[in-house]
Amino acid sequence: MLNSVDAGRRLMLRAAVYPLVAVAVLALALLLWGGPKAALGALLSGVAVSAAGWVAARMALGGGVQAAGSAMTRLILAVVAKWVLVFGVLMVGFLVFKLPALALLAGIAVGLMFQVLALARR
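- The name an unreviewed UniProt entry gives the chain is ATP synthase I, with Stenotrophomonas bentonitica as the organism.

The structure is reproduced here in structure tokens:
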């Protein structure tokens, strides 16, 4: 085994915290530039990306030692749950709260970009 479960959990925590910091910076910039609705939209969707990544990681890594088929099923369900949560928050922010679409999409883009950067960093 190349990686321990503890290393995977540390990576999961890092992949959840880095996007939160980046989205907070984006929200502050949008607060100054686009107003409070734009800042709230970016913050809402960015936090959704981070929370969905954390939920997906818990689902994928939380089952203990299992057969390969069960582990793969758990991983696929985790990814589906992540995107259902992200798109659900996107739709609620756009349709219910009438937040700017560009700010919502910017929060998702920044959250995902920094999530990938956190996972790629050693």
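Once the structure has been displayed, the description carries forward.
**Considerations on the overall build of the chain**
(1) Moving on: Counting its regular elements, the chain contains 4 helices and 0 strands.
(2) Moving on: Beginning at the N terminus, the succession of helices and strands in the chain can be written as α-α-α-α.
(3) Moving on: Oriented by its inertia axes, the alpha-carbon framework of the chain measures out at about 50 × 30 × 15 Å.
(4) Moving on: For the chain, buried positions account for 32% of its 122 residues.
(5) Moving on: By sequence separation, contacts in the chain at least 24 residues apart represent 72% of the contacts at least 6 residues apart.

**Some remarks on the nonpolar core**
(1) Moving on: Grouped together as the largest cluster of nonpolar side chains are 10 residues: Ala 22, Val 23, Leu 26, Ala 27, Leu 30, Ala 38, Ala 39, Ala 42, Ala 103 and Val 110.
(2) Moving on: Going through the elements one at a time, α1 (5–33), α2 (36–61) and α4 (101–120) are the ones with two or more residues in this core.
(3) Moving on: With 5 residues, α1 is the single largest residue contributor to this core.
(4) Moving on: Ignoring any residue separated from it by four or fewer positions in sequence, one finds Ala 38 in contact with Leu 30, Pro 100 and Ala 103.
(5) Moving on: Core analysis: the second largest hydrophobic core is formed by 7 residues, Val 49, Ala 52, Val 86 and Leu 99 among them.

**Describing the side chain of Arg 74**
(1) Moving on: Within the secondary structure, Arg 74 sits in helix α3 (residues 68–96).
(2) Moving on: Residue class for Arg 74 comes out buried when judged on its relative accessible area of 16%.
(3) Moving on: Setting aside its immediate chain neighbours within four residues, Arg 74 contacts Met 59, Ala 60, Gly 63, Gly 64 and Gln 66.

**Description of α4**
(1) Moving on: Spanning 20 residues, α4 covers 29 Å between terminal C-alpha atoms, matching the ideal 28 Å at 1.5 Å per step.
(2) Moving on: Listing the buried residues of α4 in full gives Ala 103, Leu 104, Gly 107, Ile 108, Val 110, Gly 111, Gln 115 and Ala 118.

**What to know about the packing of α2 against α3**
(1) Moving on: The contact between α2 and α3 brings their axes to 8 Å, and the two run at 160 degrees. When the interaxial angle is binned, α2 and α3 end up roughly antiparallel. For the element pair α2 and α3, the recorded crossing hand is right-handed. Residues Leu 44, Ser 45, Ala 48, Val 49, Ala 51, Ala 52, Gly 53, Ala 56, Met 59 and Ala 60 of α2 form the contact with α3, whose participating residues are Arg 74, Leu 75, Leu 77, Ala 78, Ala 81, Lys 82, Leu 85, Val 86, Val 89 and Gly 93.

What counts as what
- Residues numbered from 1 in each chain as written.
- Predicted model: local features only at pLDDT ≥ 70, side-chain atom pairs only at ≥ 80, totals over all residues.
- Heavy atoms only, no water.
- Helix = DSSP H or I, 4+ residues; strand = E, 2+ residues; numbered from the N terminus.
- Buried < 20%, exposed > 50% of the residue type's maximum accessible area, 1.4 Å probe, protein only.
- Contact = heavy atoms within 4.5 Å.
- Core = buried A, V, L, I, M, F, W, Y, C linked by side-chain atoms within 4.5 Å.
- Expected span 1.5 Å × (residues − 1).
- Axes fitted to C-alpha atoms, helices over the stretch in contact; angles between N-to-C directions.
- Parallel < 35°, antiparallel > 145°, perpendicular 65-115°, else oblique.
- Left-handed = near helix turned anticlockwise from the far one by under 90°.

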